[in-house]
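Fold and contact review
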Amino acid sequence: MKLQEICAQVPVIPVLVIKHAIIARPLAEALVEGGLHVLEVTLRTPAALEVISAMSEVPGSIVGAGTVLTPADVRAVKDAGARFAVSPGATDSLLAAAQEANLPLLPGAATVSEVMKLMALGYDMLKFFPAEAAGASRCSSPSMALPDVRFCPTGGISADTFGHYLALPNVLCVGGSWITPTTNCKPMTGRGSGTSPARPSKPPHSSDRATIGATRNDGKQNSLIRPCARPPAIVLPVLQAGL
Ligand code: 3PG
């Protein structure tokens, strides 16, 4: 599946930094159930590859790997089951490795020249990074509104700011770790918990549905925004912002 197709499926891609593989499956199940089925597991923990494998087994999930920096990373995440890879930037060797592995890559870019170079290589879906440092206004500036290229802004985005990006016509989705704060992504301990987060005792009510989205600057509703069911209550402490 092409990256534009993947990114168009959700308004937000949770950027996951998971230290404990044991929570991978229940966390992915909760996110999928909550409407966020495209997941980015960063290679920033020793458990990352195991997490990718476990999350990939969850029905409905599309699991990618983040912080993919080297050809060896590309091969490792592909073997682990990643459906796509995300990198904060782009190097020749990384691009070649992704192509060789036939793994869709979302490379990072923050300037017009970086965007143009990647476009010349056939990339039409890019990670705008670091989004908050570069500024939403740059992402939306006419010079970045290059035809056919779309962005997934990531980096410093929060529950307060993600809507600004989703309102931009050249933005398909945003990425961010605010959805799943690292401090909460750990096995629950204490009364009533096992070694992994409990499953919800009942499915969310239809009245719990929320809409993540925004009206585009041209006044039209962004057709890519999907209604999103609230995550099950038991998982809300993990998904504590924005939804
Ligand atoms: C990434 O890993 O892609 C970004 O650094 C995530 O940025 P955030 O943690 O600020 O959301």
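Refer to the structure above for everything that follows.
Residues numbered from 1 in each chain as written. Predicted model: local features only at pLDDT ≥ 70, side-chain atom pairs only at ≥ 80, totals over all residues.

Brief notes about the overall build of the chain
For clarity, the cut-off: Strands are runs of DSSP state E lasting at least two residues, helices are runs of H or I lasting at least four, and both sets are numbered from the N terminus onward. Each residue is classified by how many other C-beta atoms fall within 10 Å of its C-beta atom, where C-beta atoms are placed from the backbone; a count of 20 or more means buried, 12 or fewer means exposed, and values in between mean partly exposed. By the convention adopted here, residues are in contact when the distance between their C-beta atoms, placed from the backbone, does not exceed 7 Å.
Scanning the chain from terminus to terminus reveals 9 helices and 11 strands. Of all 243 residues assigned to the chain, the portion counted as buried reaches 43%. Put simply, of all contacts in the chain between residues at least 6 apart along the chain, 61% involve residues at least 24 apart.

Considering the sheet that holds strand E5 (residues 105-106)
Using the following cut-off: In short, DSSP must find at least two bridges between two strands for them to pair.
If you trace the 6 strands from one edge of the open sheet to the other, you get E5-E4-E3-E2-E1-E9, paired in parallel fashion. Looking at which strands have only one partner, the edges of the open sheet turn out to be E5 and strand E9 (174-176).

Let's talk about the site of the ligand
Test applied: Placing the C-beta atom from the backbone, one calls a residue near a molecule or strand if that atom lies within 6 Å of it. Polar here means any residue outside two lists: the nonpolar Ala, Val, Leu, Ile, Met, Phe, Trp, Tyr, Cys and Pro, and the charged Asp, Glu, Lys and Arg; Gly therefore counts as polar.
Near the ligand you find Val15, Thr42, Gly66, Thr67, Thr154, Gly155, Gly156, Ile157, Gly175, Gly176, Ser177 and Trp178, and these make up its full shell. Residues of the shell around the ligand, tallied by class, amount to 3 nonpolar, 9 polar and no charged.

Describing the nonpolar core
To keep things clear, this is the line we draw: Only buried Ala, Val, Leu, Ile, Met, Phe, Trp, Tyr and Cys residues enter a nonpolar core, and they are joined through C-beta atoms within 7 Å.
Of all hydrophobic cores here, the largest spans 70 residues; its most connected members are Val41, Ile52, Met55 and Ala85. For this core, the element with the most residues is helix H3 (residues 48-56), which contributes 6 residues.

Comments concerning unusual backbone geometry
Following Phe129, the chain continues into Pro130 via a peptide bond in cis, with omega recorded as -5°. Tracing the backbone shows Pro130 in the loop between strand E7 (125-128) and helix H7 (131-134). With a phi close to 55°, Thr67 is a non-glycine residue in the positive phi region. Relative to the helices and strands, Thr67 is located in the loop between strand E3 (62-66) and helix H4 (71-80). The class for Thr67 is partly exposed, based on 19 C-beta atoms found within 10 Å. One non-glycine residue, Asn102, lies in positive phi territory at about 55°. Inspection of the secondary structure puts Asn102 in the loop between helix H5 (92-101) and E5.

Concerning the packing of H3 against H4
Going by this rule: For every element, the axis is a line fit to its C-alpha atoms; helices are fit only across the contacting stretch, and the angle between N-to-C directions ranges from 0 to 180 degrees. Crossing handedness is read from the near helix: turned anticlockwise from the far helix by less than a right angle, it gives a left-handed crossing, and turned clockwise, a right-handed one.
Axis separation between H3 and H4 bottoms out at 8 Å; the angle between their running directions is 35°. The handedness of the crossing between H3 and H4 comes out as right-handed. On the side of H3, the interface is formed by Leu49, Ile52 and Ser53, while H4 contributes Ala76, Val77 and Ala80. Here the contact of H3 with H4 is composed, by residue class, of 5 nonpolar, 1 polar and no charged.

Concerning the sheet that holds E7
On the basis of which strands lie adjacent, the open sheet formed by 3 strands has the order E6-E7-E8 and parallel pairing. Looking at which strands have only one partner, the edges of the open sheet turn out to be strand E6 (108-109) and strand E8 (150-153). Of the strand pairs in this sheet, E7 and E8 are connected by 4 bridges, and their pairing is parallel. Counterpart to Lys127 in the pairing with E8 is Cys152.

A few points about the packing of H4 against H5
For the record, the criterion: For classification, angles of less than 35 degrees are called roughly parallel, those exceeding 145 degrees roughly antiparallel, those between 65 and 115 degrees roughly perpendicular, and all remaining angles oblique.
At a minimum axis separation of 8 Å, H4 and H5 run at an interaxial angle of 30°. On the basis of their axis angle, the class for H4 and H5 is roughly parallel. The interaxial crossing formed by H4 with H5 has right-handed handedness. Counting all contacts with H4, which are made through Pro71, Val74, Arg75 and Lys78, the residues of H5 involved are Ser93, Leu94, Ala97, Ala98 and Ala101.

Focus on the pairing of E3
What counts here: Call a crossover right-handed when, viewed with both strands pointing away from you, the route from the first strand across the helix to the second goes clockwise.
With 5 of 5 residues buried, E3 is to be regarded as a mostly interior element. Burial along E3 is two-sided: the face carrying Ile62, Gly64 and Gly66 and the face carrying Val63 and Ala65 are both buried. Where strand E2 (residues 38-42) meets E3, 5 bridges bridge the pair, whose relative direction is parallel. Its bridge partner lying in E3, Val38 is registered against Ile62. As a crossover connection, the stretch from E2 through H3 into E3 is right-handed. Looking at chain direction, E3 and strand E4 (residues 84-86) are connected through 2 bridges and run parallel. The residue bridging Ala65 from the neighbouring strand is Ala85, located in E4.

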